[in-house]
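Understanding the architecture of this molecule
Residue strings, one per chain:
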Amino acid sequence: MRRSYFILAALAPWVFSSWSALGQDTTKPSPPELELQLVPPTLVRGVQAEYPDQAAADAVEADVVLEIDVSATGTVDDVRVIEPPKAQGYGFEEAAMGAARQFVFEPATEGGVAVPVTITYRTSFALSAGEPQDPAQSQAQADFEASSETKPTSLALANFSGTLKERGTRLPLAGVTVVVFRGKDEDQAAFQTVTDDKGDFHFFDLEPGEWKVHAEASGHFPVRTTETIAANEKLEVAYYAERGSYNPYDVLVEGQPLRKEVSRTTLSVREAERIPGTFGDVLNVVQNLPGVARTVGPGLLIVRGSAPEDSEIVVNGVEVPILYHFGGLRSVIPNPMLERIDFYPGNFSAQYSRATGGIMDVQLKRLQPPQFGGYLDVSLIDTSLYLESPIGDKASLAIGGRRSYIDGVLNIAVPDDAKVNLVTAPRYYDGQLLARYRPAPAHELMLFIFGSDDKLKLLFDNPADINPSLAANDASTSTSFYRTMLEYRYTPNSKLTNDLRLSGGRNWVYIGLGDQLFFDLNTYTGQVRDTLTYRASEALTLRAGVDYLMSTTDSRISFPKTDKEGETSGGIDLSTVQLDEKTGEAFHSVGGFLETELMAWDRLLLVPGIRYDYFSRVQESSVAPRLTTRLSLNDQWTLKGGVGLFYQEPTFDETDDTFGNPNLTLERAAHYSLGAEYRPLPHLVLDVTGFYKSLDSLVARSENVSFVDGAAMPERFNNEGVGRVYGMELMLRHEPHGNFSGWIAYTLSRSERRDPGQSSWRLFDFDQTHILTAVGTYDLPRNWSIGARFRLVSGRPTTPIMGGVYTVDESSYSPIVGKVNSDRLPMFHQLDLRVDKRWIHERWILTAYLDIQNVYNRANTEGFVYNFDYTEKGVRQGLPLIPVIGLKGEF
Amino acid sequence: MKKIQTNRGIFAMVVIVGVLGASCAEEFTPMNELEGLRVLAVQSDPPAIGTAQTAQLAALVHAPEGQTVQYSWSWCPFLGSAQSGYECMIDEAQLKEALQAIDPSAAALVPSFDLGTEPTATFTLNLPTPLLDLLCETVLGQATASLGVTPNCGDTVKSSVVLKISSGQERVTATKSLGLLLEASGASSNPPIGSIKARVKGSDDWFFLGETQSASVEAGGTYVLDVDIAEEASEWFTPPATEADPNPEPIRERLFITWFVTAGSTEAIRTGFIDGKVGFDVLRANNWSIPQINPPSEATLYVVLQDERGGVTWTQRTVKVQE
């Protein structure tokens, strides 16, 4: 192992009096009794550095301090600049390094054995000849043929070296002054040095004895200790300075990007992962933002009164099949691989397509870990591991994985004589690999491979007790996918950026009840997306892109007719089961967009854009013009507005020739929004936005029948549905600042639909008039933090059940339903709390968290349940108070 | 192409959960514990009829002691949706008009929808098979298609019998399918049901629950029940050919029993047989717990055996409860 010895790089004036310490004879004979006596290397062949021509012409002088790795044979292994010249651009560094690489040394020895060492070496470029400044230098240059222009100045040995790192994270603390001192009054001696990029520091030729050490990094508790220096021995230490607060915001340095959208909320991962009720899963946080309706599970995204399938979730702009295990239990991407979440509830850019609701764009981290690190997170339901490391100077790699153990717990908990046997209890796992390679500033490659697998299989002893129409005694579900995403960013200059993204993978979904009902879908998918951005000037940016998406699907489906939005049949009619098998069904969608960002008078930002898409499944094209604008009245007030058209395909089953209508066309939405932002403080912003959304060509259930060869054929669906959504969103956000972050989000809205043949509007299934969410996280001393989330939300609409009819064939009652969505569930309110505590160890951090959902155990109504003949009604309650404890070790 | 897999997956999962959870109502009195007026079963003998055949209709009704029950029977070619309250989607006049358009002589053959107000009823099918076929493909096909389902008559047109009963303020409506055979091969029979024996749970001493001679059970006791059902009760039949399976193999009927009790509770509301998956032993057996607190002097057990093609048979036993 190479040892490092450094010459003191910088000395403060108040210790100049001790400068002579550097001049002590470092090659003095060592006492024979010390086995570890170190003899420094001796320069046997020096090479004069050439004085750069331009520097000479401009009469510029400079000093360059190098760090030289000298091998055990005396050759130079490596040379680095540790103190560059003040005069940059003349080539002093290259000249000094070029000369040093040719040096040959008599190797250093330790106990008589040649050892590799690292020394520092100062090369002075001076226009006139000078004498050596230090006697020690003369000693060191005994065999060096110094020129009158360059002056290699020093060679000395350190007998006290150390590393200063941050406690817990092990991040090096660079630029920190380390002071050693002893004595009083006239006997006082003191030296100081500054840590380098690696947190290393060195003192040279300290007199033997006790020395007090003091190091104080900004924002950290000071390190104070005493060390004993022994004669002719070298002392190596490692100090860990504890940060004043391990509030993640302390290191959160994020620029405020130019806002172009009417409504966009950006959440950093660090901010989001400690929000109560989400169990640290940042992707679940979106449900707390304005415009997003509450759902029972976090897997559904209901944005501004649009159906879940109307909103798109993408990762770095690329579509992914699922983001959650079991529909919302956990997200499939670990937090450290995420940079932030950009959420657009409406009027989103022409860069996005195939959605008429909102966009959730999950941005992956541009991986750049300073050192090897990671974490192990153990909770009650799963364990996850994450590791990241730099690979050389230009690359980095991260891997992650997670495995649930719900199956293990349930297998123990479920008795052997249970009526339902867990053949495969619910289990999931996922894995990820994220790599980044930046060979040159202009080129950046990112690779992201991830996949997930969820499985559940049940075996019923007596399926007739569940439903006498069941012809199978087992039920299973399996959802697997993998994706490979490759991103290449080319930035030849400050004006031009090109982002090319390639993605490919496979999705496999199987859900079945034996061979009676099954849904078996196997899809191979690929996507190419390229975006070119040209910043013509400070005021004008042009952006253009193309986007191609394809899929090939094999499907085998046997399913009954099921309820769509706005329908309540009250049950599943197994007599309506239909079988559909398809092989190699291929579809594609190609699109392109143009967008301009035009800043006028430094106040008015106009972002007009237009998007074209072609969808092969409905064989239809769309042209969608969009415009957003922002007007900054002053530093505090901004007005904003937007208008645009948005299209999307019907869902797969709606255009299927067995389950739907292949003649359907695109659904369309027009978004209008107008609002204002008020920022009274740099970290405090109030955002109020009004919106109106007009929906047409909506796919709706049709009772129309056509006759083919005399046989009646159902139309099933048509595009005659319409909708309207209007409302107002308010968000008061305290961005991460000091010890607090949080927001209050309030949405007032109404979402309605009008079905084909109907003259009156009805409420949308997920319409929620009032949605109030207050979220806050506060950092307390001693690495405690506490967070709270309170939600007050209108109950969602529900369709009443008026009674029942006994269906003899099924030995059960069938409900008689009333007017669609003419009733509403009671108001929902809930308080969640989260407490985090960090214990900072030298090399790792242990975090324990307690996430308590529904603190005051509110019995919220999530729906109604009925007795067997629908003559009695009860309440289906939401989750009670649930405390979840987790441990996370980071290193 | 977007989010299709996810949505369809969620959609499918919702269906599965819906099917599995359809009978979940833990907070309420279980469906098989009888309290008020109930229709427990409706039988058509035979379960499906062809042209010129008559179905004898009967009902198993539970009414609180001493109450008189009024009956109202009707036939319906096609029942409506949950929103319509399962009302008949076409009335007698409309059906006659529709069939008359196809065959002027057909109107006279349309059966009366009103089947009377007696405890039993009969239904006779006079429509010839070709007309029945047309009825399925056009009139009923249109009604089916309007619900978004592709009509598939196969070898049987599925019609319904509706029974409305009332007693005092209580009213109950029950529906049962009645197959109208296009081909004789679709015929089936009601499954036979045999004797019922019981034993105290934990004991090996079986005793029969006689139809006429009451057995005795102890309050607070749990009894293992076993119904004698012959393997032949599950008939072999060939499902209708479909586009996906034009030559289906013969299969055995699924059977299930619904266990109704006037006192106490049973371990399972229903037990079933699925060939190759769930055996007859599961179908035949159940546990009946007799209440310990305020036990009645008598308790009645109704065992309703059904097959998947509309076959229904029942038997009942009344036992004395000893405290």
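Here the structure is a predicted model, which is why all the values come from computation and not from measurement.

1. A word on the overall build of chain B
When its secondary structure is counted, chain B shows 4 helices and 20 strands. Its C-alpha atoms give chain B a radius of gyration of 22 Å, near enough to 20 Å, the size a compact globule of 323 residues would have. Here chain B holds 323 residues, and the buried ones make up 52% of them. For chain B, long-range pairs separated by at least 24 residues make up 63% of all intrachain contacts whose partners lie at least 6 apart in sequence. Of the roughly 14200 Å² of accessible surface on chain B, a fraction of 48% belongs to carbon and sulfur atoms. For chain B, the separation between the mean place of its 20 positive charges and that of its 38 negative charges on side chains is 6 Å.

2. Looking at the overall build of chain A
Summing up its helical and strand segments, chain A has 6 helices and 55 strands in all. Split into buried and exposed, the 891 residues of chain A put 54% on the buried side. Total accessible area on chain A stands at roughly 37500 Å², and carbon and sulfur atoms take up 56% of it.

3. Concerning helix 3 (residues 129-146) of chain B
In this model, helix 3 of chain B (18 residues) spans 24 Å end to end at C-alpha, consistent with the 26 Å of a helix rising 1.5 Å per residue. At Leu140 of chain B, helix 3 of chain B shows its strongest bend, of approximately 45°. Turning to helix 3 of chain B, its buried residues are Leu131, Leu132, Leu135, Cys136, Thr138, Val139, Leu140, Gly141, Ala143, Thr144, Ala145 and Ser146 of chain B. Those residues of helix 3 of chain B hidden inside the fold are in contact with strand 40 (705-708) and strand 41 (711-714) of chain A together with helix 2 (92-102), strand 7 (156-167) and strand 8 (170-181) of chain B.

4. Things to note about the nonpolar core
In terms of nonpolar packing, the biggest core is built from 62 residues, with Val39, Trp73, Leu95, Phe123, Ile165 and Leu180 of chain B touching the most fellow members. No other element matches the 7 residues that helix 3 of chain B contributes to this core. In this structure, Val269, Leu323, Ala398 and Met485 of chain A belong to the second largest nonpolar core, which totals 38 residues.

5. Examining the environment of Gly642 of chain A
Residues and elements named next belong to chain A. Turning to its location among the elements, Gly642 is positioned in strand 37 (residues 637-648). The class of Gly642 is buried, set by a relative accessible area of 11%. When the C-alpha atoms of Gly642 and Asp205 are compared, they prove to be 70 Å apart, with 437 residues separating the residues in sequence.

6. Here's the deal with the state of the cysteines
All names here are of chain B. The full count for this structure, using the stated rule, is 1 disulfide over all chains. In this model, Cys76 is linked to Cys88 through a disulfide, with the two sulfur atoms separated by 2.1 Å. Judged by the sign of its S-S torsion, about 95°, the bond between Cys76 and Cys88 is right-handed. Taken together, the residues Cys76 in strand 4 (residues 70-76) and Cys88 in the loop between strand 4 and helix 2 connect sequence positions 12 residues apart. A residue is classified by how much of its surface remains accessible, and Cys76, at 1% relative accessible area, is buried. On the accessibility criterion, Cys88 (31% relative accessible area) is partly exposed.

7. Focus on a nonpolar patch on the surface
Residues and elements named next belong to chain A. Together, Tyr437, Leu445, Leu486, Leu502, Val528, Tyr548 and Val590 line one region of the surface with nonpolar side chains, adding up to about 520 Å² of accessible area. On the secondary structure map, Val528 appears in strand 32 (residues 517-535). A relative accessible area of 37% places Val528 in the partly exposed class.

8. Considering the confidence of the model for chain B
All names here are of chain B. In the predicted model, chain B carries a mean pLDDT of 86, and 91% of its residues have values of at least 70. Contacts from residues 1-26, a stretch scored under 50 in pLDDT, to residues over four places away or in other chains number 75 contacts. Overall fold confidence (pTM) sits at 0.77, and the ipTM for the predicted complex is 0.91.

9. Regarding the interface of chain A and chain B
Listed by partner, the interface residues are 94 residues for chain A and 71 residues for chain B. Surface buried jointly by chain A and chain B totals about 6600 Å² across both partners, of which 62% is contributed by carbon and sulfur atoms. The interface formed by chain A and chain B contains 1 salt bridge. The partner of Lys277 of chain B in a salt bridge is Asp515 of chain A, and the shortest N-O contact between them spans 3.0 Å. Taken together, the links from chain A to chain B amount to 19 residue pairs in polar contact (both at pLDDT 80 or more).

10. Concerning the side chain of Asn32 of chain B
All names here are of chain B. By the secondary structure assignment, Asn32 is in the loop between helix 1 (4-20) and strand 1 (38-45). Since its relative accessible area comes to 1%, Asn32 is described here as buried. Here the side chain of Asn32 touches Trp259 through a polar contact of 2.7 Å, landing on its backbone oxygen. Here the side chain of Asn32 touches Thr266 through a polar contact of 2.6 Å, side chain to side chain. In this structure Asn32 touches Trp259, Phe260, Val261, Thr266, Ala268 and Ile269, once residues within four positions along its chain are discounted.

Conventions used here
Residues numbered from 1 in each chain as written. Chains lettered and ligands numbered in written order. Predicted model: local features only at pLDDT ≥ 70, side-chain atom pairs only at ≥ 80, totals over all residues. Heavy atoms only, no water. Helix = DSSP H or I, 4+ residues; strand = E, 2+ residues; numbered from the N terminus. Rg over C-alpha atoms; globule rule 2.2 N^0.38 Å. Buried < 20%, exposed > 50% of the residue type's maximum accessible area, 1.4 Å probe, protein only. Contact = heavy atoms within 4.5 Å. Areas by Shrake-Rupley, 256 points an atom, 1.4 Å probe, with all protein chains shown as cover. Lys, Arg positive; Asp, Glu negative; His and termini not counted. Charge placed at Lys NZ, Arg CZ, Asp CG, Glu CD. Expected span 1.5 Å × (residues − 1). Bend = angle between axes of the 7 residues up to and from the residue. Core = buried A, V, L, I, M, F, W, Y, C linked by side-chain atoms within 4.5 Å. Disulfide = S-S within 2.5 Å. Patch = residues over 30% accessible without salt bridge, like charges linked within 9 Å, V, L, I, M, F, W, Y side chains within 5 Å. Salt bridge = Lys/Arg side-chain N within 4 Å of Asp/Glu carboxyl O. pLDDT = per-residue confidence, 0-100. Buried area = accessible area lost by both parts, 1.4 Å probe. Polar contact = N/O pair within 3.5 Å; in protein donor to acceptor, adjacent residues only side chain to side chain.

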